[in-house]
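The primary structure of each chain is shown beneath.
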Amino acid sequence: MLFLLLLLDTTPLVLSFGSLVVLYFIISYVFFYLFLNTNKSNSSIHSPPSYPILGCLTSFYNNRFRLLNWYTDLLAESPSQTTVIKRLGARRTIVTANPDNVEYILKTNFSNFPKGRPFTEILGDLLGNGIFNVDGEQWRAQRKFASHGFTTKSLRGFVGKTLEEEVNERLLPILSESATDDDDRNYNNVDLQDLLKRFAFDVVCKVSLGFDPCCLDPSMPVSPLARAFDVASEISARRGAAPVALAWKMKRALGVGSERVLRKAIEHVHECVDEMIEQKSKRNGGGGDDLLSRLISEGHEKEMIRDMVISFIMAGRDTTSAVMTWLFWLLSQHTHVEEQLVNEIKTTLTTTNNTNNYSSTIDEQDIYSTCSADDHHHHTALNYDALKEMPMLHACLCESMRLYPPVAWDSKHAIVDDKLPDGTPVKSGDRVTYFPYGMGRMEALWGKDRLEFKPDRWFMEAAAEHGGEAMVMRNDVSAYKFPVFQAGPRVCLGKEMALVQMKYVVAAVLDRFQIRPVRPEEPVFVPFLTAHMAGGFNVRIQRRAAATTTATTTTCPST
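Just so it is clear, the structure is predicted and the values come from calculations on it, not from any experiment.

Criteria and thresholds
- Residues numbered from 1 in each chain as written.
- Predicted model: local features only at pLDDT ≥ 70, side-chain atom pairs only at ≥ 80, totals over all residues.
- Heavy atoms only, no water.
- Helix = DSSP H or I, 4+ residues; strand = E, 2+ residues; numbered from the N terminus.
- Expected span 1.5 Å × (residues − 1).
- Buried < 20%, exposed > 50% of the residue type's maximum accessible area, 1.4 Å probe, protein only.
- Core = buried A, V, L, I, M, F, W, Y, C linked by side-chain atoms within 4.5 Å.
- Contact = heavy atoms within 4.5 Å.
- Pairing = 2+ DSSP bridges.
- Phe/Tyr/Trp six-rings, centres within 6.5 Å; stacked < 30°, edge-to-face > 60°.
- Lys NZ or Arg CZ within 6 Å of the ring centre and 35° of its normal.
- Lys, Arg positive; Asp, Glu negative; His and termini not counted.
- Salt bridge = Lys/Arg side-chain N within 4 Å of Asp/Glu carboxyl O.

1. Structural notes on helix H10 (residues 224-241)
The first and last C-alpha atoms of H10 sit 26 Å apart over 18 residues, in line with the 26 Å expected at 1.5 Å per residue. Those residues of H10 that fall on the buried side of the exposure criterion are Leu225, Ala226, Ala228, Phe229, Ala232, Ser233, Ile235, Ser236, Ala237 and Arg239.

Dropping the structure here:
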């Protein structure tokens, strides 16, 4: 700095006016760089190096393929578990893993932190005005309507009908066809992630549309609708992670590159859903228990119906399949936990089956009508109440979601200036992001063993001391410390349905099979709109001795 000042002072006649201007900006750049970095050292917020105009764009660009780990490292080094990202081409972004901040954003001052126009713009082409992409009265009206579909009565019906059929008559037979015995070295690779996504798509289409796409039927081609959803969600997610938002906006305006592909995928999604709406309206005027039928019967506009159905398919399809995929991988790496879980599953199945054998109602007999009399007591008989009495399974799912949350981050946008509980100033228009992936890796929240898969951390200490025989789930884990289902007014309506579905599938699969990955290395976590394993999850399916269940196969109706 001193050298440059001396240079300016001693050579005013030699240097041209243009050179003086350049030197002025150099001096300003150095001054502001020193100023910003000096202030940073006095702050409780650890932020990346930031420069005038550019901000931290260079660091962001260099870490664009490892944003999860970059954010996590910044938060771990910050005393307040909060970091501020300022970069050219994007709004000022506050990323936090501080539970007090999360509670303030999602509950205490909920009204000041809606999703906001910048967020809805990213997903607007795909989700339109669906429940996950709107705020205010639109959101409240849709949430009130959707809440009627998640009652205890509907959940019991969901277990006894949809899950029973999809798991026992489709998923298990497909796994059985590829299964081998322990000593059989000739096996077929199965992409379990793809299979679980197909399963989840079948389930959510039945619940949301009253339509069976038969994605699990190997004789049927891959659903074009499912394929279009994959493309649309991936490209939409890349919009949010783009170093400079102007880039994708220009491509969208010109209709080129990835934005052209996105437009075509969304057009196909809209065409498929619109056709289903039209067919259902003509066939029965919307009569039925599924979401689409109820929307039609209440006379909602076609565009609103389409957007809401698309949002529910998006939410229900990829989230549960992602959690189950990561759980099966984690269990394959921690066989002692898998053994405990299998023992719990077999005990629950045995108890439930014995109860059903002595006290079957006519409705229960109808559920088991696909089984022969000899196999009746071997059929998977998990009901809603039994699924709620499986603490080890619940703990394993929580631990899997802590390490590999289905939604790695979620953002809101401040309406007016504010201040977070840790003292971080928030300006109107700032993007405020809470970060479940990073929160699961904070030593301040989960201890030194935070990176380990330990379902026992979800049990009361007194119960754990007894070898797990009296497992009691902890009730002191705040939803703002573990916000995988959001929290506050926007807490996920489908939380209970998602847990029921995952428990049913995991229990039924582990009762019959061992899942072993083909590749030894740790999979790569990819955070699109919902997270997934890069390259799929190729596994070997091994039959487990003395399985409690027997599955039967059914075929899909012609479509």
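2. Quick look at the nonpolar core
Counting residues in each nonpolar core, the largest one holds 104 residues, and the members touching the most others are Leu192, Phe328, Val509 and Ile515. Sort the elements by how many residues they give to this core and helix H22 (residues 495-512) lands first, with 12 residues. With residues up to four places along the chain from it excluded, the contact list for valine 509 reads Leu171, Leu172, Leu175, Phe328 and Ile515. Core analysis: the second largest hydrophobic core is formed by 42 residues, Cys205, Cys215, Ile277 and Leu291 among them.

3. Here's the deal with the pairing of strand S4 (residues 410-413)
Because side chains alternate across S4, one face comprises the buried residues Asp410 and Lys412, and the other comprises Ser411 and His413, equally buried. Sheet analysis places S4 next to strand S7 (residues 431-434), joined by 4 bridges and oriented antiparallel. Looking at the pairing, histidine 413 lines up with arginine 431 of S7.

4. Some points on the environment of alanine 90
Tracing the chain through its elements places alanine 90 in the loop between strand S1 (82-85) and strand S2 (93-96). Under the relative-accessibility criterion, alanine 90 is labelled partly exposed at 32%. A C-alpha to C-alpha distance of 9.7 Å links alanine 90 and aspartate 430, two positions 340 residues apart in sequence.

5. Some thoughts on the packing of aromatic side chains
All told, the structure shown has 19 aromatic pairs when counted by the stated rule. When the ring of tyrosine 71 is compared with that of tryptophan 409, the centres are 5.8 Å apart and the planes differ by 70°; the resulting orientation is edge-to-face. With tyrosine 71 in helix H4 (residues 67-77) and tryptophan 409 in the loop between helix H18 (391-403) and S4, this residue pair connects regions lying 338 residues apart in the sequence. Relative accessible area serves as the criterion here: at 9%, tyrosine 71 is assigned to the buried category. Tryptophan 409 sits in the partly exposed class, given a relative accessible area of 22%. Arranged with centres 5.6 Å apart and planes meeting at 45°, the rings of tryptophan 446 and tryptophan 458 form a pair that is tilted. Of this pair, tryptophan 446 sits in helix H20 (residues 443-446) while tryptophan 458 is found in the loop between H20 and helix H21 (461-464), placing the two residues 12 residues apart along the sequence. In this pair, the class of tryptophan 446 matches that of tryptophan 458, namely buried. Following the ring pairs from residue to residue traces out a cluster consisting of Phe60, Trp70, Tyr71, Trp326, Trp329, Tyr404, Trp409, Phe435, Tyr437 and Phe525. Its guanidinium or amino end placed over the ring of tryptophan 446, arginine 402 lies 5.3 Å from that ring's centre, counting from NZ or CZ.

6. Observations concerning the side chain of glutamate 344
Counting through the fold element by element, glutamate 344 comes out in helix H15 (residues 335-358). One buried charged residue, glutamate 344, remains without a salt bridge, the closest side chain of opposite sign being lysine 503 at 8.2 Å. Not counting residues up to four positions away in its chain, the partners in contact with glutamate 344 are Met390, Pro391, Met392 and Leu393.

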